Amino acid sequence: MRVISLAGSPRQPSRSTALLEVGERWLTARGVEVISYRLQDFAAEDLLFANFASPQLKQLIAQLESADGLIISTPVYKASFSGALKTLLDLLPERSLEHKVVLPLATAGSIGHMLAIDYALKPVLTSLKAQEVLQGVFADDTLVSDYQTFPPNLQPTLEERLLESLDNFYVALSRKPLIAARQRQTASV
Ligand SMILES: Cc1cc2nc3c(=O)[nH]c(=O)nc-3n(C[C@H](O)[C@H](O)[C@H](O)COP(=O)(O)O)c2cc1C
């Protein structure tokens, strides 16, 4: 099983990235191969000026092709996901998330924006043809502290929700035909 993890905060250290890191370690401990990306892995000019020839972008696209799932994190900026993350998602081919299960994670200053994943991020993931976008995890800033180093301090209610979502993600990944198997099948017909 292979999963791409993508941190969509322009800032480091970052609360949303800290949640993602918990997810990355949880999945790795269960034998999932996790390939991790941060927005900072991409040159700002490539994102801003839509450089489709960016080597990092090409690598992400190639690795996405062979991945079974995506776990993606973002801060809420202006009632939506971060604009910097959008500049990256805009450069992905239209069917990039086909056959993939996606788990979104978001942190925000206010619980007033707890639906940002649903009304802003999910439509973009769906437009990339994600097979299944799971119920995401939303946390307001009061629930995540000491996130400068790993592990962050998560309030117990958040920790419980995050672990439950990771469990659901793992189960969803386990019940779908894995991409590697699908690619072998396609090659043999
Ligand atoms: C430019 C900017 C815009 C923000 N806009 C919102 C917002 O509209 N709603 C909200 O609830 N929080 C907003 N916040 C707060 C962040 O979403 C919150 O602190 C989040 O946890 C930051 O995540 P990060 O540490 O991963 O970057 C904003 C923060 C910044 C820096």
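Residues numbered from 1 in each chain as written. Predicted model: local features only at pLDDT ≥ 70, side-chain atom pairs only at ≥ 80, totals over all residues. Heavy atoms only, no water.

1. Looking at the environment of Ala116
Next up, step 1: Structurally, Ala116 is set in helix 5 (residues 116–127).
Next up, step 2: Note: C-alpha distance between Ala116 and Phe138 (22 residues apart in sequence) is 8.9 Å.
Next up, step 3: Once residues within four sequence positions are removed from consideration, Ala116 is found in contact with Val76, Ala79, Ser80 and Leu121. (Helix = DSSP H or I, 4+ residues; strand = E, 2+ residues; numbered from the N terminus. Contact = heavy atoms within 4.5 Å.)

2. Some remarks on the side chain of Ser54
Next up, step 1: Turning to its location among the elements, Ser54 is positioned in the loop between helix 2 (44–48) and helix 3 (55–65).
Next up, step 2: At a separation of 3.1 Å, a polar atom in the side chain of Ser54 contacts the main-chain amide nitrogen of Leu57. (Polar contact = N/O pair within 3.5 Å; in protein donor to acceptor, adjacent residues only side chain to side chain.)

3. Some details on the pattern of salt bridges
Next up, step 1: What the rule picks out here adds up to ten salt bridges.
Next up, step 2: The salt bridge partner of Glu24 is Arg38, with a shortest N-O separation of 3.0 Å. Of this pair, Glu24 sits in helix 1 (residues 15–29) while Arg38 sits in strand 2 (residues 33–38), and the two are 14 residues apart along the sequence.
Next up, step 3: According to the relative accessible area criterion, Glu24 is buried, its value standing at 10%.
Next up, step 4: The closest approach of N and O atoms between Glu98 and Arg95, which form a salt bridge, is 3.0 Å. (Salt bridge = Lys/Arg side-chain N within 4 Å of Asp/Glu carboxyl O. Buried < 20%, exposed > 50% of the residue type's maximum accessible area, 1.4 Å probe, protein only.)

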